[in-house]
Amino acid sequence: MNLHEYQAKALLKRYNVPTQEGIAVDKVEDALNAYRQISVDTGSKFVVVKAQIHAGGRGKGRIKEVPDQSGVVVVKSVDDVERVAKNILGQTLVTIQTGPAGKRVNKILIAQDMYYDCPSERKELYLSILLDRAKKQNVVMYSTEGGMDIEEVAHKTPEKIFKEWVHPGFPLQPFQARKIAFNLGVTGLAFKNMVKFVTNLYNAYVGLDCSMLEINPLFKSSDDNILAVDCKMNLDDNALMRHPDLNDMRDKSEEDPTEVEAGEFNLNYVKLDGNVGCMVNGAGLAMATMDMIKLSGGEPANFLDVGGTANAETVEAGFRIIMKDPNVKAILINIFGGIVRCDRVASGVIEAYKKLGNINIPIIVRLQGTNAEAAKELIVNSGLKVESAILLSEAASAVQRALSAA
């Protein structure tokens, strides 16, 4: 589950990780009040207005409706805040990570400006924590070259990216925190503050069951304070049962509507860009089915795993979701009945077919395993225009014929 910057910073504070202060708002008048409050608290008329979307590159991104407006702006007056807030709120921000469609901005963060003090004594650094699957350990990645161009740094000068691995069964060790602080080039009070920051940040990563936690920029101020100016945090969906209070932070408006709908039926669905919809039980069989579709000359339009406990209702829901994609030219249903019974799947397909009506694309159904013969009989007797297959090769040939006729 992705979080917005303002949500991630609120969670970091629980672990005593210093962050840039800010107030999230969704109305222009609230932005003006937030500006006044932060100006009083900081004693500075400068603040930063930051669009809140689930994508990076906001500073270099542009508002589609106002092309000269970026997603992160430093302002110094009430009038500036009002103008920028009107330009951003409710508009579409296009960044390198959103693609040309962009994302609608429903909230902005009015935050304290960190760049007003002596530029020669401040630093922008980079630090992230994620799982290194190859080593089966968590890895802390960090660099002295923080800021908007960290991707270029990783591409052109990879030697400037440091890594520190941590066994998932142990905390970040003190010597590792000191090594990170040393490699980041901080000294004196900043060194001590960096050690505390990195240690607390790692505790937050583990304690919140994050799958990724990125601080960019990681900021050293002129008075040697260390704090997170920006934060991207992803939570492991499989661990949310341990954090029921975090479920309310989910912003469904940032997610694909069909994936949200699929989640409500406990379906594992990911939309792709192909032309053959597929419904399968089991992730391994789903991957094999997608490979088979490609070998047949098609492209998978989705990944859809109905799971081992699928019933007629979930199958019907999956069928409806696939049919919502206008790019789908054929549907392949490939079920191996181990735990789930094939006749249940067949009943769901028939029910969905009847409810949707006027389905003018080919449907190929391959059912093998528990009650497969009963399932085939159900489909044959239904009178529906559904082609049955027994072998994977037969299903592949059927998909090929369907695409050729489309």
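Refer to the structure above for everything that follows.
Residues numbered from 1 in each chain as written. Predicted model: local features only at pLDDT ≥ 70, side-chain atom pairs only at ≥ 80, totals over all residues. Heavy atoms only, no water.

Student: Lay out the overall build of the protein with the relevant residues and their values.
Tutor: Scanning the protein for helices and strands turns up twelve helices and 19 strands. Across its three principal axes, the protein shows a C-alpha extent of roughly 80 × 50 × 40 Å. Here the protein, with 406 residues, has 49% of them falling under the buried criterion. Pairs at least 24 apart in sequence give 68% of the contacts found in the protein among residues at least 6 apart. When the accessible surface of the protein is split by element, carbon and sulfur atoms take 52% of a total near 19600 Å². Seen as two clouds, the 47 positive and the 51 negative side-chain charges of the protein have centres 2 Å apart. (Helix = DSSP H or I, 4+ residues; strand = E, 2+ residues; numbered from the N terminus. Buried < 20%, exposed > 50% of the residue type's maximum accessible area, 1.4 Å probe, protein only. Contact = heavy atoms within 4.5 Å. Areas by Shrake-Rupley, 256 points an atom, 1.4 Å probe, with all protein chains shown as cover. Lys, Arg positive; Asp, Glu negative; His and termini not counted. Charge placed at Lys NZ, Arg CZ, Asp CG, Glu CD.)

Student: Lay out helix H10 (residues 342–356) with the relevant residues and their values.
Tutor: Taking 1.5 Å per residue as the helical rise, H10 with its 15 residues ought to reach 21 Å, and the 21 Å between its terminal C-alpha atoms agrees with that figure. Within H10, burial applies to Cys-342, Asp-343, Val-345, Ala-346, Gly-348, Val-349, Ile-350, Ala-352 and Tyr-353. Where H10 ends, the next residue or the one after it, Gly-357, has phi of about 65°, a positive value. (Expected span 1.5 Å × (residues − 1).)

Student: Summarise the nonpolar core; cite the residues concerned and give the values.
Tutor: Membership of the largest hydrophobic core comes to 40 residues, with the highest contact counts inside it found for Leu-12, Leu-127, Met-194, Leu-201, Leu-218, Met-233 and Leu-235. Put simply, the parts of the chain that give this core at least two residues each are helix H1 (5–14), strand S8 (123–132), strand S9 (137–143), helix H5 (174–183), helix H6 (188–207), strand S11 (210–220), strand S12 (226–228) and strand S13 (231–235). The biggest single contributor to this core is H6, with nine residues. Listed in part, the 34 residues of the second largest apolar core include Ile-321, Ile-333, Val-349 and Ile-359. (Core = buried A, V, L, I, M, F, W, Y, C linked by side-chain atoms within 4.5 Å.)

Student: Could you give me a rundown of the side chain of Asp-325, with the residues and numbers involved?
Tutor: By the element assignment, Asp-325 lies in the loop between helix H9 (312–323) and strand S17 (330–337). Exposure remark for Asp-325: the relative accessible area of 6% places this residue in the buried category. Leave out the neighbours within four places in its chain, and Asp-325 touches Lys-271, Leu-272 and Ala-301.

Student: Help me get a handle on the packing of H10 against helix H11 (residues 372–382), residues and values and all.
Tutor: Here H10 crosses H11 at 20°, and the two axes come no closer than 7 Å. It follows that H10 is roughly parallel to H11 by the angle criterion. In the packing of H10 onto H11, the handedness of the crossing is right-handed. Only Ala-372, Ala-375, Leu-378, Ile-379 and Ser-382 of H11 make contact with H10, whose side of the interface consists of Cys-342, Asp-343, Ala-346, Ser-347 and Ile-350. Classifying every residue of the contact of H10 with H11 gives seven nonpolar, two polar and one charged. (Axes fitted to C-alpha atoms, helices over the stretch in contact; angles between N-to-C directions. Parallel < 35°, antiparallel > 145°, perpendicular 65-115°, else oblique. Left-handed = near helix turned anticlockwise from the far one by under 90°. Nonpolar A, V, L, I, M, F, W, Y, C, P; charged D, E, K, R; others polar.)

Student: Requested: an account of unusual backbone geometry, with residues and values cited.
Tutor: Following Asn-216, the chain continues into Pro-217 via a peptide bond in cis, with omega recorded as 5°. Mapped onto the elements, Pro-217 comes out in strand S11. Of note in this structure, Asp-224 is not a glycine but carries a positive phi near 70°. For Asp-224, the location among the structural elements is in the loop between S11 and S12.

Student: Pulling in residues and values, what's your account of the side chain of Thr-98?
Tutor: Position of Thr-98 relative to the elements: it lies in the loop between strand S5 (92–94) and strand S6 (103–104). Judged by its relative accessible area of 18%, Thr-98 is buried. A distance of 2.9 Å separates the side chain of Thr-98 from the backbone nitrogen of Thr-95, its partner in a polar contact. (Polar contact = N/O pair within 3.5 Å; in protein donor to acceptor, adjacent residues only side chain to side chain.)

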